[in-house]
Amino acid sequence: MKNLILFLTGISFLTFYGRGQLSCLHEGVSSCVSAKARCLALKWQAPLNKSLLSDAYDVVYHKLEIELSNNNTYIPYGHVTTKAQVINNSLDVFEFELHQNMIIDSVLWNGTSLPVSSTGEISSINFPITLDQGETFTVDIYYHGQPPSTGGSAIGSGLNTAVSPSWGNSVVWSLSQPYAAYHWWPCKQSLNDKIDSIDVLIITADSLRGGSNGILVAELSMPGNKKLWHWKHRHPIVYYLISVAVARYIPYIVTANPSNSPPVQI
């Protein structure tokens, strides 16, 4: 039974992940090799840990709410909630990464709007008080914009779009490994800090489906012929594995015996 569940889970991953690799498969292995070479370059180009401010807090929870289409990577609306705990002796500045192509609309600390200061891809807010070690806080970041184009669906290219050569289906997907998450959502890119749990809410046209990590817990109709897809993940996860995909997907749900086993959504 264990092998069957692992097999079905593997099918689910390959189906979801493979659709995000359309360009790479179409262009051939050489493009993937080039992509990995670009990844090494990105390691030094990304604003990863330019200061130690982001190491002063531990991310406990993220909620990503993002509106996407299936044929372009523009983000008309994005909202990321971060709940974190102070791990330094004290903290009075919150720092995060977001590509300078993206526009920050507002930042709230514990519900209070604060001014944002940005230098390149590093942005920060100053708390009105100093937090002590062990204290928790919540930051809400509202943003929109056009993520950078890095030349295809290769590893470390943020948000991508392509058309399937087999089905003619347009798809938008993320591929953030290892340092491209900040291309499309404000985050802390640290391999030392796994997020304890996440919720990902994807807003799409009602003719599309949005996919992400974990379990689909809600599919809600919205005004303007839109839908919201709510995915829940309750296991530690590194920042670059948080993902989204939007297309005219057809859902397949398989249930392994016994009858009370969880559904495997493909």
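Residues numbered from 1 in each chain as written. Predicted model: local features only at pLDDT ≥ 70, side-chain atom pairs only at ≥ 80, totals over all residues. Heavy atoms only, no water.

Draft legend 1. Region of interest: the packing of aromatic side chains. Tallied over the full model, the rule gives eight aromatic pairs. Ring centres of Tyr239 and Tyr240 lie 5.4 Å apart, and the angle between their planes is 90°; on these two criteria the pair is classed as edge-to-face. A relative accessible area of 1% means that Tyr239 is categorised as buried. Grouping aromatic residues by their ring pairs yields a cluster made of Tyr57, Phe94, Phe96, Trp109, Phe127 and Phe137. Across the ring face of Tyr57, the terminal group of Lys188 is positioned such that the distance to the ring centre comes to 4.8 Å. (Phe/Tyr/Trp six-rings, centres within 6.5 Å; stacked < 30°, edge-to-face > 60°. Buried < 20%, exposed > 50% of the residue type's maximum accessible area, 1.4 Å probe, protein only. Lys NZ or Arg CZ within 6 Å of the ring centre and 35° of its normal.)

Draft legend 2. Main features of the sheet that holds strand 9 (residues 158-163). Read across the sheet, four strands follow the order 9-10-15-12 without closing on themselves; strand pairing throughout is antiparallel. Each end of this open sheet is capped by a strand with a single partner; those strands are strand 9 and strand 12 (209-212). Across this sheet, the average inter-strand angle for adjacent strands is 15°, counted without regard to direction. (Pairing = 2+ DSSP bridges. Helix = DSSP H or I, 4+ residues; strand = E, 2+ residues; numbered from the N terminus. Axes fitted to C-alpha atoms, helices over the stretch in contact; angles between N-to-C directions.)

Draft legend 3. Broad picture of empty space enclosed by the protein. For the coordinates displayed, the defined rule picks out two cavities of 30 Å³ or more. Around the largest cavity sit Tyr57, Val59, His62, Thr82, Phe94, Phe96, Ile141, Pro186, Cys187 and Lys188, which together line it. Listing elements by their share of the lining of the largest cavity, those giving two or more residues are strand 1 (57-67) and strand 3 (90-97). It is strand 1 that contributes the most residues to the lining of the largest cavity, three residues altogether. In this structure, the second largest cavity is lined by Ser54, Glu95, Phe96, Glu97, Cys187, Lys188 and Gln189. Looking at the lining of the second largest cavity, its residues break down into two nonpolar, two polar and three charged. (1 Å grid on protein atoms, 1.4 Å probe; cavity = no way out; pocket = protein on both sides within 12 Å on 5 of 7 lines; lining within 4 Å. Points joined across faces, edges and corners; volume = space filled by probe spheres on them. Nonpolar A, V, L, I, M, F, W, Y, C, P; charged D, E, K, R; others polar.)

Draft legend 4. Spatial organisation of the nonpolar core. In terms of nonpolar packing, the biggest core is built from 44 residues, with Phe94, Phe137 and Trp185 touching the most fellow members. If we ignore the near neighbours within four places in the chain, the residues touching Phe94 are Tyr57, Ser123, Ser124, Ile125, Phe127, Phe137, Val139 and Ile141. Residues Trp173, Leu175, Ala245 and Tyr249 belong to the second largest nonpolar core, which totals seven residues. (Core = buried A, V, L, I, M, F, W, Y, C linked by side-chain atoms within 4.5 Å. Contact = heavy atoms within 4.5 Å.)

Draft legend 5. Expanded view of the pattern of salt bridges. Counting across every chain of the model gives four salt bridges. A salt bridge links Lys188 to Asp193, with the shortest nitrogen-to-oxygen separation between them at 2.8 Å. For the pair shown, Lys188 and Asp193 are each scored as buried. A salt bridge links Lys227 to Glu219, with the shortest nitrogen-to-oxygen separation between them at 2.8 Å. (Salt bridge = Lys/Arg side-chain N within 4 Å of Asp/Glu carboxyl O.)

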